[in-house]
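# Close look at the chain arrangement
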Amino acid sequence: MFNLILFGPPGSGKGTQSEKLIDRFGWIHLSTGDLLRKEIANETQLGLEAKAFMDKGQLVPDEVVIGMIGSALDANPTAKGFLFDGFPRTVAQAEALDVLLTSKTSEITLVLALEVGEEELVTRLLNRGKTSSRSDDRDENVIRKRLLEYENKTAAVAHHYAKFDKVAKVKGEGSIDEIFQSLREQIEARQPA
Ligand code: ADP
């Protein structure tokens, strides 16, 4: 199994690149943001609780997202790999993911960290807010809060995997295809022949 974490701050292009990677490599795409938005659209109890955090730009509690990922892994027993997008976002989530994968005799293969400057991120998110239905992209205060949450809680996830020499940085500015090429090269360098 090839298990990739696509890592980076909000607005760094994880969603865009995930779609291209899934097409190319055939993994199962697990985006906690998308899973949470589905729960909200279905007006579930979990969705209602998550929405209150998301609207403020805060992270949803670890146990909620860890539970969702556990169910998604169980639901795809024959997957040839998973692409984790927007997860793990805290060290506790990373540790829980490692345990979940170990129980399936697997592990994280690679973490690709997209690097984009902060002002570019804010510009991209505000632009996305003009056309998408995401209310968390329309308010600059909420966007800045998400970037702060990323720095305070999520950046450490890269250090967690760097200890195991699993992190590669990729420039996240440039054309979508250029960035995709860089991601692909890193993946192919780690894929068993
Ligand atoms: P973005 O990375 O562009 O902010 P996402 O769609 O990945 O967007 O996430 C949107 C929101 O959903 C986050 O701001 C957060 O509130 C919540 N969320 C998504 N994934 C997680 C996670 N792994 N842990 C906690 N909260 C999460």
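These remarks concern the structure in this document. Keep in mind it's a predicted model, so treat the numbers as computed, not measured. (Residues numbered from 1 in each chain as written. Predicted model: local features only at pLDDT ≥ 70, side-chain atom pairs only at ≥ 80, totals over all residues. Heavy atoms only, no water.)

Below, the discussion takes up the packing of helix 1 (residues 14-25) against helix 8 (residues 176-190). The contact between helix 1 and helix 8 brings their axes to 10 Å, and the two run at 50°. In terms of axis orientation, helix 1 runs oblique to helix 8. Taken as a pair, helix 1 and helix 8 cross one another with a handedness that is right-handed. Packed against helix 1, whose contacting residues are Thr-16, Gln-17, Lys-20, Leu-21, Arg-24 and Phe-25, the element helix 8 presents Ile-176, Asp-177, Ile-179, Phe-180, Leu-183, Arg-184, Ile-187 and Glu-188 at the interface. Here the residues of the contact of helix 1 with helix 8 are counted per class, giving seven nonpolar, two polar and five charged. (Axes fitted to C-alpha atoms, helices over the stretch in contact; angles between N-to-C directions. Helix = DSSP H or I, 4+ residues; strand = E, 2+ residues; numbered from the N terminus. Parallel < 35°, antiparallel > 145°, perpendicular 65-115°, else oblique. Left-handed = near helix turned anticlockwise from the far one by under 90°. Contact = heavy atoms within 4.5 Å. Nonpolar A, V, L, I, M, F, W, Y, C, P; charged D, E, K, R; others polar.)

Our next topic: the packing of aromatic side chains. The description of an aromatic ring pair uses the distance of the two centres, along with the angle that the planes make with each other. Using the criterion set out here, one finds five aromatic pairs in the structure. Considering the side-chain rings of Phe-25 and Trp-27, the 4.8 Å spacing of their centres and the 10° angle between planes classify their relative orientation as stacked. Among the residues examined, Phe-25 registers a relative accessible area of 5% and is labelled buried. Connected via pairs of aromatic rings, a cluster forms that spans Phe-2, Phe-25 and Trp-27. Sitting over the ring of Phe-180, Lys-20 keeps its end group 5.1 Å from the ring centre. (Phe/Tyr/Trp six-rings, centres within 6.5 Å; stacked < 30°, edge-to-face > 60°. Buried < 20%, exposed > 50% of the residue type's maximum accessible area, 1.4 Å probe, protein only. Lys NZ or Arg CZ within 6 Å of the ring centre and 35° of its normal.)

The next point concerns the environment of Arg-144. Following the sequence through the fold, Arg-144 ends up in helix 7 (residues 140-162). Between the C-alpha atom of Arg-144 and that of Glu-118, which follows or precedes it by 26 residues, the distance is 9.4 Å.

Moving on to the sheet that holds strand 4 (residues 110-115). Taken in spatial order, the five strands line up as 2-3-1-4-5 in an open sheet, and their pairing is parallel. Of all the strands in the sheet, just strand 2 (28-31) and strand 5 (167-171) have a single pairing partner and so form its edges. Averaged over all pairs of adjacent strands, the angle between strand axes in this sheet comes to 20°, irrespective of strand direction. As paired elements, strand 1 (residues 2-7) and strand 4 share four bridges and run parallel to each other. Bridging from a neighbouring strand, Leu-6 pairs with Leu-112 of strand 4. With respect to the sheet, helix 8 is in contact with strand 1, strand 4 and strand 5, its orientation differing from that of strand 4 by roughly 160°. (Pairing = 2+ DSSP bridges.)

Function cannot be read off these values alone, since they describe shape.
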